[in-house]
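One letter stands for each residue in the lines below.
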Amino acid sequence: MVDQKIKSFYSNEELITHIKSGLPTLFHSSQTSTVIPFENIKGLLNPQTILGNLSTIEGHLEFTSNNDLFVSGFVTWKEAKDFCRSHGREIMTSPTEELAGVLAGIATSCTGERSFGFKNLRSQIVELHYLDYKGNENKLSADKKLLLPFDLTNYHNDFAPYLNFKNAPYPRLLVETDLMTGTEGQLGIITSAVLKTILYEEETYLFILLPKWEENFEPHLEIFHAVQAFRNEIRACEFIDSNSLSYLPAEKNPGKNQDIVFLEVRKSNFDTVHENLLAKLKLTNEENIFEMASGKCRDLRVSVPRAIFEVNSRMGVSKKGTDVQVSALKFRDLLTFYRSYTNRGVDYNLFGHFGDAHLHFNFMPTPDKNDFCNHELERLYNKVFEWHGSPFAEHGIGLLKKKFIAPFFTEHQKVVFRALKKEFDPRGQFFPEGFMS
Ligand SMILES: Cc1cc2nc3c(=O)[nH]c(=O)nc-3n(C[C@H](O)[C@H](O)[C@H](O)COP(=O)(O)OP(=O)(O)OC[C@H]3O[C@@H](n4cnc5c(N)ncnc54)[C@H](O)[C@@H]3O)c2cc1C
């Protein structure tokens, strides 16, 4: 039950007036964050923190002369995608939850299915504008180095091993736009952004039926290693296990007690992928491979996490899910670790961004198993630390993951967070309970 003061904004002018008041506020957009339980936030925020709704600010979309997409105000990923397609263009980021806000996506450094082929949103931002604590609008460019009045050498040295991950345990802070990317609204409010787009090309989906990963994940690993050489042809390489699929109505479930991996490929690349990759798999028969139309696939993809969310809501528990990405070398270790979770008397499921070694394992606990699951997750995060993996590669830290991220921060990160807050949020008004505090 929400017990915070709520304020909706209908224009940037109203927002500026509020920012100038200095009142502590957690600004939000669609509230689809899985790490901020907006429905059950009482006790997690200071009582005086206001929930500031940005989703009431009218959105605007247009193309720049370079065919980049200009987004201002509240625009969902679905609206941005439809707008681009109606102009023969495409955005390269595709989070599974399409009703999330585009500008919020920058704040959470959101990724998604297409990161396999196009990397993450961070690399697609050209420039953005944000409101600072004085209510002034500032421009940040992706082609300018981020210059701050304090030293970032140690911070960058610590970040280096994570450069190839979708997101590290802390924001990158290399170029100007990084200041608002993944900082979760703790340094200012993003009001507009310019994102790169590409020419639209029709896509198709190739589905591969696999045995249950708990019993045998060798065919899965064969596919994982094979797709790495096809990042130019394959845009997304996703996994949904038999447990996740079991939440769907039977007519929507393409497997029979089987897992699936599916590939998003341009229609023009279909033959290459089929002949040079799928036909060469030794552990998967061709009869287990089939094509699915994009609309049907999208429906399937979105239905799974939503169904899981509903089950958890009915149980009255917060999801105990992971967001771990590891290097290709550690993917077998990650799957082996997740397998150790499957005989603990708690329901579970596994799905996610398979090609990037980034999977969401979800415990589906009854309320009495909550503590047990928290303990098990701590064990996992110790391993992720050891493997130099990324504990929260796309959903961010918010409020729910603060406890688990703490061991990943050394004094180097804490010094920089304190300096950033002092410089950009001296009154502590932007999401004061966030991970930088
Ligand atoms: C079913 C499901 C699937 C999902 N799949 C993905 C996925 O594939 N990839 C992925 O990355 N995430 C995914 N998510 C997580 C979520 O959708 C993202 O974190 C998303 O970016 C949140 O957007 P939102 O509009 O809901 O933001 P909110 O939940 O409202 O806010 C999230 C954070 O952004 C900050 N924020 C919001 N707007 C602004 C702004 N204008 N300026 C500054 N800060 C701001 C808020 O302060 C808050 O810290 C999924 C969630 C669900 C429920």
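Residues numbered from 1 in each chain as written. Predicted model: local features only at pLDDT ≥ 70, side-chain atom pairs only at ≥ 80, totals over all residues. Heavy atoms only, no water.

Enquirer: Where do I start with the site of the ligand in this structure?
Expert: Surveying the vicinity of the ligand reveals 34 residues, the closest of which are F27, S29, Q31, T32 and G101. T32 places a polar main-chain atom, nitrogen or oxygen, 2.7 Å from an oxygen atom of the ligand. With respect to the ligand, the backbone of I190 contributes an N or O atom lying 2.9 Å from a nitrogen atom. Protein chains shield 95% of the accessible area of the ligand, which is 980 Å² for the free molecule. Taken together, the elements giving at least two residues each to the shell around the ligand come down to β2 (25-28), α3 (102-107) and β9 (189-195). (Near = heavy atom within 4 Å. Polar contact = N/O pair within 3.5 Å; in protein donor to acceptor, adjacent residues only side chain to side chain. Areas by Shrake-Rupley, 256 points an atom, 1.4 Å probe, with all protein chains shown as cover. Helix = DSSP H or I, 4+ residues; strand = E, 2+ residues; numbered from the N terminus.)

Enquirer: Got a minute to help me understand the domain arrangement of the chain in this structure?
Expert: Frequently, the measure chosen for interface size is the accessible area that the parts lose on association. When cut into domains, the chain gives domain 1 (6-199 + 415-424) and domain 2 (203-387). Placing the centre of domain 1 and that of domain 2 at their C-alpha centroids yields a distance of 27 Å. The interface is formed by 20 residues belonging to domain 1 together with 25 residues belonging to domain 2. With both chains or domains summed, domain 1 and domain 2 bury close to 1,800 Å², and 47% of this area falls on carbon and sulfur atoms. Run the count over domain 1 and domain 2 and you get 7 salt bridges. A salt bridge links E98 to R298; the nearest nitrogen and oxygen atoms lie 3.7 Å apart. The tally of links between domain 1 and domain 2 comes to 11 residue pairs in polar contact (both at pLDDT 80 or more). For the side of domain 1 that touches domain 2, the secondary structure elements donating two or more residues are α2 (77-86) and α4 (115-118). Here the element with the most residues in the side of domain 1 that touches domain 2 is α4; it accounts for 4 residues. (Domains from an automatic or database assignment. Contact = heavy atoms within 4.5 Å. Buried area = accessible area lost by both parts, 1.4 Å probe. Salt bridge = Lys/Arg side-chain N within 4 Å of Asp/Glu carboxyl O.)

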